[in-house]
Amino acid sequence: MDHEPALDLGEPLARDQPLPHSASGEVSLERDLSDLAPRRPARRWLPRRVVVTPAALEEPHGAGVVERVESLGIEVERLRSNRLTGVRGETDRETYARAKSTMAIVVSPPSRRRLQPIAPSADWRVDLAEGCPAHCQYCYLAGSLSGPPVTRVYADLDAILDGLADYLGTGAVTSRSGARAHEGTTFEASCYTDPLALDHLTGSWQRAVEHFGAWDAPVQLRWTTKFDDVAPFLGLDHAGRTRVRLSVNCLPVTRRWEGGTSPLEARLAALRRLALAGYPVGLTIAPIMPLDGWTEHYGHLLDLVEEAVRHVPDLDLTAELITHRFTASSREVLLGWYPRTTLEMDEARRAAKRGKFGNVKHVYPQEVMAELRTWFETRIGERLPSCRVLYWT
Ligand code: SF4
């Protein structure tokens, strides 16, 4: 008889507050996922296993995702409940490997339907999925995952999108006043996932873009991605109400620590295609790291960006600048997943920054931060004069 504990797919994957110890609340275990990231960037993620819950199958979008996945030749298992078994492998590493290659089509947990503020990026966070098949060794999600990282995609998309109307005209970041007031009420749809890692399987972000395109109100959808699969978005009626940002970094960072994502050059080509299709676009430069030779490496990144946006008519470009940081729990999880990582996560070299919930983030010391900030703001001003820097953190 199988006594394997089942995974409850009704539980959110990411907790809103950092967990005290490891991702699953257990002692830290070495899971070593280093070899799981594809050697070469995969153009499109194809999960090894896809499951759907009964409630998700009743949702029109859920049934549509099943159809889409099956048309790609992937079998979809119909579950009898929200409980998922068969994730546990012989070893802990195998369990995590299986989870990372599994996608579950589920109805979003009720907690996800009450939107949370997400400063400084946007007024509200809206989740269309949770989890990501990529392998960034600094992934900010690591500190808040509550179990094996099975990617959940939400079937109740219609209700999620319809629910956004309740938030119109609310929010503290962009709605009320200040330099971003013209953006209207902003909704960030990439907090716990990467949209273009999944959209070819779900179509959820295409639907969201169309929803905002048809929503004649001061609103903006925002999402950021490390993937380049933008072709399905180019012909959508976006009405300028979706800002897509490409998450970029200097080549030593993208090549060393962003397993399974699209190459930097492909991301910047995607940025150009979106901008030419009339989307407001952006750069999420993150996580910024003062590596040896950082001015040269980030200077090269700005060369590539300059080239990518050259001669784009009516370019609307923003930049969000985010330095590398970690918490004790994210560090513990990441070192369990990628024990041989060369990424610097040394508390002794960092300054402590206390968050709202009393959690401590380890950021770069003040003088390093000041040097980085000055460099980025000055260089972006010189090289990309039309680019608006939205925030630095
Ligand atoms: S693409 Fe984003 S969400 Fe996915 S692993 Fe990388 S940092 Fe994490």
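Residues numbered from 1 in each chain as written. Predicted model: local features only at pLDDT ≥ 70, side-chain atom pairs only at ≥ 80, totals over all residues.

Novice: Describe in detail the overall build of the protein chain, supporting the description with residues and values.
Specialist: Each helix and strand counted, the protein chain has 13 helices and 19 strands in total. Against the 2.2 N^0.38 benchmark of 21 Å for 393 residues, the protein chain shows a C-alpha radius of gyration of 20 Å, consistent with a compact globule. Principal axes of the C-alpha set define a box for the protein chain whose edges measure 65 × 50 × 40 Å. Within the span of the protein chain, comprising 393 residues, buried residues form 45% of the whole. (Helix = DSSP H or I, 4+ residues; strand = E, 2+ residues; numbered from the N terminus. Rg over C-alpha atoms; globule rule 2.2 N^0.38 Å. Buried ≥ 20, exposed ≤ 12 C-beta atoms within 10 Å, placed from the backbone.)

Novice: Can you explain the sheet that holds strand 13 (residues 242–248)? Please cite residues and give values.
Specialist: Taken together, eight strands build an open sheet; the order of strands is 6-7-11-12-13-15-16-19 and the sheet is mixed. Edge positions in the open sheet fall to strand 6 (116–118) and strand 19 (388–392), since each of these has one partner strand only. Adjacent strand axes in the sheet meet at a mean angle of 30° when their direction is disregarded. Examined bridge by bridge, strand 6 and strand 7 (residues 122–125) share three bridges and lie antiparallel to one another. From the neighbouring strand, Ile118 faces strand 7, where its bridge partner is Ala122. Across the sheet, helix 10 (residues 264–276) touches strand 13 and strand 15 (281–288), and the angle it forms with strand 13 is around 165°. (Pairing = 2+ DSSP bridges. Axes fitted to C-alpha atoms, helices over the stretch in contact; angles between N-to-C directions. Contact = placed C-beta atoms within 7 Å.)

Novice: Help me get a handle on helix 2 (residues 60–71), residues and values and all.
Specialist: With 12 residues, helix 2 should cover 16 Å at 1.5 Å per step; its first-to-last C-alpha distance of 16 Å lies within 8% of that length. For helix 2, every residue scored as buried is listed here: His61, Gly62, Val65 and Val69. Down the axis, helix 2 shows its buried residues gathered within 105° of arc, on one side only. Facing away from the buried side of helix 2 by more than 90 degrees, the exposed set consists of Pro60, Glu67, Glu70 and Ser71. Gly73 lies just past helix 2 and shows a positive phi near 85°. (Expected span 1.5 Å × (residues − 1). Arc of directions from axis to C-beta.)

Novice: Go over the sheet that holds strand 8 (residues 129–130) with me, naming the residues and quoting the values.
Specialist: The strand order 3-2-5-10-8 describes an open sheet built from five strands, whose pairing is mixed. Since the sheet does not close on itself, it has two edges, and those belong to strand 3 (76–78) and strand 8, each with one partner. Bridge count for strand 2 (residues 49–52) against strand 5 (residues 102–106) is four bridges, and the pairing is parallel. For Val51, the partnering residue across the bridge sits in strand 5 and is Ala104.

Novice: Explain the nonpolar core to me, using residue names and the numbers behind them.
Specialist: The biggest cluster of nonpolar side chains holds 97 residues, and the ones touching the most others in it are Leu128, Tyr154 and Leu274. The dominant element in this core, judged by the number of residues it contributes, is helix 10, at six residues. Those residues in contact with Leu274 that sit more than four places away from it in its chain are Val230, Phe233, Val244, Tyr279 and Val281. (Core = buried A, V, L, I, M, F, W, Y, C linked by C-beta atoms within 7 Å.)

Novice: Mind laying out the packing of helix 11 (residues 294–308) against helix 13 (residues 366–383), listing which residues take part and the relevant values?
Specialist: Axis separation between helix 11 and helix 13 bottoms out at 11 Å; the angle between their running directions is 30°. One element, helix 11, and the other, helix 13, form an angle in the roughly parallel class. Every pair of crossing elements has a handedness; the one defined by helix 11 and helix 13 is right-handed. For the pair helix 11 and helix 13, contact is made by Thr295, Gly299, Leu302 and Glu306 and by Trp375, Arg379 and Arg383, respectively. Classifying every residue of the contact of helix 11 with helix 13 gives two nonpolar, two polar and three charged. (Parallel < 35°, antiparallel > 145°, perpendicular 65-115°, else oblique. Left-handed = near helix turned anticlockwise from the far one by under 90°. Nonpolar A, V, L, I, M, F, W, Y, C, P; charged D, E, K, R; others polar.)

Novice: Please set out unusual backbone geometry residue by residue, giving values where relevant.
Specialist: Most peptide bonds adopt trans geometry, and most residues besides glycine take a negative phi value. A cis amide bond links Ala119 to the next residue, Pro120, at an omega of 0°. Counting through the fold element by element, Pro120 comes out in the loop between strand 6 and strand 7. Residue Pro287 follows Ala286 across a cis peptide bond; omega there is -15°. At His311, a residue that is not glycine, the phi angle is positive and equals roughly 60°. Along the chain, the position of His311 falls in the loop between helix 11 and strand 16 (317–323).

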